[in-house]
Amino acid sequence: MKPFDKSYVFEKIKEYNNKIDKRKIGDYEIKSIDGLKGIVKGYLYEKNDDYNIEILELHGPQNVWMRLTPLEIQASYFAIKMAKGKVGVVGLGLGYVVEEMAKKD
């Protein structure tokens, strides 16, 4: 199935990597890591895998708040696919930080 294909997950991670700038605002910063190795969590599974791709993370004052992983891509697939018309999205992930950064530009 499409959201569980590794190529689809890579495509979406690359898409978001191109849209989201690494920046810092106050105590929060968007950084990246050089991929995922070992046990990788997906939606309803974990497996030993290797994702050789830049992975964005939202860092707060003392921890990582969000990481763009296969789990995030797969878990949101069906909601995005079924969305129609005007859609509101609520959360405290990368989207909020990107919006705040855009206001400052």
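Residues numbered from 1 in each chain as written. Predicted model: local features only at pLDDT ≥ 70, side-chain atom pairs only at ≥ 80, totals over all residues. Heavy atoms only, no water.

(A) Seen up close, the pattern of salt bridges. In this structure the tally under the stated criterion is eight salt bridges. Here Glu15 ties to Lys19 by a salt bridge, and the two come within 3.2 Å at their closest N and O atoms. Placement of the pair is Glu15 and Lys19 together in helix α1 (residues 6-19), with a separation of four residues, close to one helical turn. According to the relative accessible area criterion, Glu15 is partly exposed, its value standing at 26%. On the basis of relative accessibility, which here comes to 54%, the residue Lys19 falls in the exposed class. Linking Lys47 and Asp49 is a salt bridge whose minimum nitrogen-to-oxygen distance equals 3.7 Å. Overall, Lys47 belongs to the partly exposed group, its relative accessible area being 41%. Judged by its relative accessible area of 16%, Asp49 falls in the buried class. (Salt bridge = Lys/Arg side-chain N within 4 Å of Asp/Glu carboxyl O. Helix = DSSP H or I, 4+ residues; strand = E, 2+ residues; numbered from the N terminus. Buried < 20%, exposed > 50% of the residue type's maximum accessible area, 1.4 Å probe, protein only.)

(B) Inspection of a nonpolar patch on the surface at higher detail. Taken together, the side chains of Met1, Phe4, Tyr43, Leu44, Leu71, Phe78 and Met82 define a hydrophobic patch exposed on the protein surface, amounting to about 750 Å² of accessible area. Within the secondary structure, Met1 is located in the segment before α1. (Patch = residues over 30% accessible without salt bridge, like charges linked within 9 Å, V, L, I, M, F, W, Y side chains within 5 Å. Areas by Shrake-Rupley, 256 points an atom, 1.4 Å probe, with all protein chains shown as cover.)

(C) Local environment of the packing of aromatic side chains. Under the defined criterion, the tally for this structure stands at five aromatic pairs. Taking 5.2 Å as the distance between ring centres and 75° as the angle between the ring planes, the aromatic pair formed by Tyr28 and Trp65 counts as edge-to-face. With Tyr28 in strand β2 (residues 28-33) and Trp65 in strand β6 (residues 64-67), the pair connects residues that are 37 residues apart, well separated along the chain. On the accessibility criterion, Tyr28 (31% relative accessible area) is partly exposed. A relative accessible area of 42% places Trp65 in the partly exposed class. A connected cluster of aromatic rings, assembled from ring pairs, spans Tyr8, Tyr77 and Phe78. Geometry around Tyr51 places Lys6 over its ring, the cationic atom sitting 4.7 Å from the centre. (Phe/Tyr/Trp six-rings, centres within 6.5 Å; stacked < 30°, edge-to-face > 60°. Lys NZ or Arg CZ within 6 Å of the ring centre and 35° of its normal.)

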